[in-house]
Amino acid sequence: MSVPATLAELDAAHVIHPHAVVGAPAAPVIWARGRGATLWDIDGKEYIDGTCGLWQCAVGHGRPELARVAAEQIERLEFYASFWNFANEPSIRLAARLAELSPAGLDRVFFTNGGSEGIETAIKLVRLAWHVQGRPERNVILSRKSAYHGVGVASLAATGIPPLKEGFGPLAPGFVHLSTPTRRADADALVAELRATIDELGAETIAAFVGEPVMGVGGMIPPPDGYWPQVQAVLREHGILLILDEIVTGYGRTGRWFGAQRYDLDADVIVTAKALTSGYIPMGAVFVHDRLVELLAGTAFRHGFTYNGHPVGSAVALANLEIIEREGLVERAASVGARMLERLRAVDGRGHPFGRLTLSISSFVPKPWTPFQWAPFAGAGALAAKLDTIKRGVGGMATVRVLHENPREAALQALLARGDRRVGDFLEGAARLGGDWRRALREWDGDLEFHTTRVRGLDERLPWDHFDVGVKKTGLLREWERAQLDEATPLAVSG
Ligand SMILES: Cc1ncc(COP(=O)(O)O)c(C=O)c1O
């Protein structure tokens, strides 16, 4: 009798994982179930989802309400295409709801199955618009180094992380990458570079600029002050369209429904996915401004994915948005995020090790380590959403991570977020050791354990080399969580 293969063996034999090495599979962590911010693997081990998966799960795992909505819709009508003049009620209602939430003028959406498809759609829309205006040469897309826009041949061309592109060529032509807008960069210099590039290429060759309000995959990079308004003004001046990639920032992460509102941007296209459905069903939505609709009026858009406007995805998206609204997650992300930031500022600049950490919504470890550059809206806002949902007892997604190699530092960050006294103890310990905080970390006996999946064989030049799935719950974290449940617990930073 043959021995039945384990799931791990079957996975190794039959599954090619994204961003893993073909033919050299790593032992999988096989998720069995999730509830709120907690996940369990098939061995029953419990984890905090410290990364919100891939930033998608805004309302937490295992919401029965979303399961019910999906089941009801499948029973009623699982799917029929939205091509031509076919439609279904949930996607019509979702489009109308999205128009209410979106910035002014962005009243129409084109549905997709995810982010990359949204960026492909946006690029085709803007190129087509100039084409039908009799300006087919106006097709260049400006992007940024370190940007991540997806994996299609155009969305990958827009991406500014070279190792991700190697070997896949030729990618779509017509993409130009400008400098990364790091927090430390000088906004004026970035804008001067943008102007110089436009002069060099000629505005009449440039269709659009694509950018993330806050760069995600490329290193959790909030833009320098004054960056976005100036960029928008220059684009306007030259008639260049603005595509905002809000695949990560959309639906509350920045403390506003959209990053566009956070930065007061008037985009021509906004691409969203992920938190639209909190990932319960793959779905994205591309918002198209009236200005672009006007340029395209009368033109056939010969583009569409089989599952456009999926009724089940749409029904789940509507229910997901309702949860975000009903539970006030966007507002709370803003208010608790601000409080978090204040606390973090209190410990920044004191010359202690936290000054070297990067608080981020990312799950990736950048190389080299970036200096302290928390995202005042993104990271803190995301943590705030987590704190809020934990307080409400409904579970949320901890999406704040320390971009650092040492898991103990990450554990300390969790305490820092809480303003835990032990952070002060640690710092005192480090001081006693003559400021040798690395040694202090080694000797620190915090009882958090980070689960890390190290991806072998990936390119040294990639901005990450491992992926922290979450924090295994141990006593200290449970205590931390309990403290969050107590509204009266002050978030006071010591140390
Ligand atoms: C900013 C950004 N754009 C595009 C994408 C691609 O989205 P997807 O993986 O759904 O195709 C991602 C994915 O993480 C992203 O973070």
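Computed from a predicted model, the values in this text were never measured in an experiment.

We now examine the overall build of the protein chain. Assigned secondary structure in the protein chain consists of 17 helices and 14 strands. Within the protein chain, the proportion of its 495 residues that are buried is 48%.

When you tally the buried positions in strand 7 (residues 206-211), you get six out of six residues, the bulk of the element. For strand 5 (residues 140-144) and strand 7, the ladder comprises three bridges, and the chain directions are parallel. What sits directly across from V140, in strand 7, is I206. Sheet topology places strand 7 next to strand 8 (residues 241-245); four bridges connect them, and they run parallel. What sits directly across from G211, in strand 8, is L244.

For the rest of this paragraph, the subject is the nonpolar core. Core analysis: the biggest nonpolar cluster contains 84 residues, and V126, A208, I243 and V269 have the highest contact counts within it. No other element matches helix 5 (residues 115-132), which puts eight residues into this core. Other than its neighbours up to four places away in sequence, A208 contacts V126, I141, I240, L241, L242 and I243.

With that settled, consider unusual backbone geometry. Here the residue pair G169 and P170 is connected by a cis peptide bond, since its omega of -5 degrees sits within 30 degrees of zero. Among the secondary structure elements, P170 is positioned in the loop between helix 6 (155-158) and strand 6 (175-178). Despite not being glycine, Y251 shows a phi value in the positive range, around 70 degrees. Y251 sits in the buried class, given 29 other C-beta atoms within 10 Å. The residue D264 is not glycine, and still its phi comes out positive at about 55 degrees.

We now examine the site of the ligand. Neighbouring the ligand are 15 residues, the closest being G114, G115, S116, G150 and I247. For the shell around the ligand, the element with the highest residue contribution is helix 5, accounting for three residues. Residues belonging to the shell around the ligand are distributed by class as follows: seven nonpolar, six polar and two charged.

So, on to the packing of helix 4 (residues 89-101) against helix 11 (residues 311-326). The contact between helix 4 and helix 11 brings their axes to 8 Å, and the two run at 40 degrees. Here helix 11 runs oblique to helix 4, going by the angle between their axes. Between helix 4 and helix 11 the crossing geometry is left-handed. For the pair helix 4 and helix 11, contact is made by P90, S91, R93, L94 and R97 and by P311, S314, A315, A317, L318 and L321, respectively. Taken together, the residues of the contact of helix 4 with helix 11 break down into seven nonpolar, two polar and two charged.

Once that is clear, we can look at helix 7 (residues 187-201). In this model helix 7 runs 21 Å from its N-terminal to its C-terminal C-alpha over 15 residues, within 8% of the 21 Å that 1.5 Å per residue would give. Those residues of helix 7 that sit buried are L190, L194 and I198. Across the axial projection of helix 7, the buried residues extend over an arc of 75 degrees, all falling on one side. Among the exposed residues of helix 7, those pointing more than 90 degrees away from its buried face are D188, A189, A196, D199 and E200. Tucked into the core, helix 7 has its buried residues touching strand 6, strand 7 and helix 8 (227-237). Phi turns positive, to about 90 degrees, at G202, one or two residues after helix 7.

With 13 residues, helix 3 (residues 64-76) ought to run about 18 Å at 1.5 Å a step, and its terminal C-alpha atoms sit 18 Å apart, in line with that. Among the residues of helix 3, those classed as buried are L66, V69 and Q73. Down the axis of helix 3, the buried side of the element spans an arc of 60 degrees, and every buried residue falls inside it. Exposed side of helix 3, more than 90 degrees from the buried face: P64, R68, A71, E72 and E75 are the residues found there. Elements in contact with the buried residues of helix 3: helix 4 and helix 11.

What counts as what
Residues numbered from 1 in each chain as written. Predicted model: local features only at pLDDT ≥ 70, side-chain atom pairs only at ≥ 80, totals over all residues. Helix = DSSP H or I, 4+ residues; strand = E, 2+ residues; numbered from the N terminus. Buried ≥ 20, exposed ≤ 12 C-beta atoms within 10 Å, placed from the backbone. Pairing = 2+ DSSP bridges. Core = buried A, V, L, I, M, F, W, Y, C linked by C-beta atoms within 7 Å. Contact = placed C-beta atoms within 7 Å. Near = placed C-beta within 6 Å. Nonpolar A, V, L, I, M, F, W, Y, C, P; charged D, E, K, R; others polar. Axes fitted to C-alpha atoms, helices over the stretch in contact; angles between N-to-C directions. Parallel < 35°, antiparallel > 145°, perpendicular 65-115°, else oblique. Left-handed = near helix turned anticlockwise from the far one by under 90°. Expected span 1.5 Å × (residues − 1). Arc of directions from axis to C-beta.

Interpretation note: all reported values are geometric properties and have no functional meaning in isolation.
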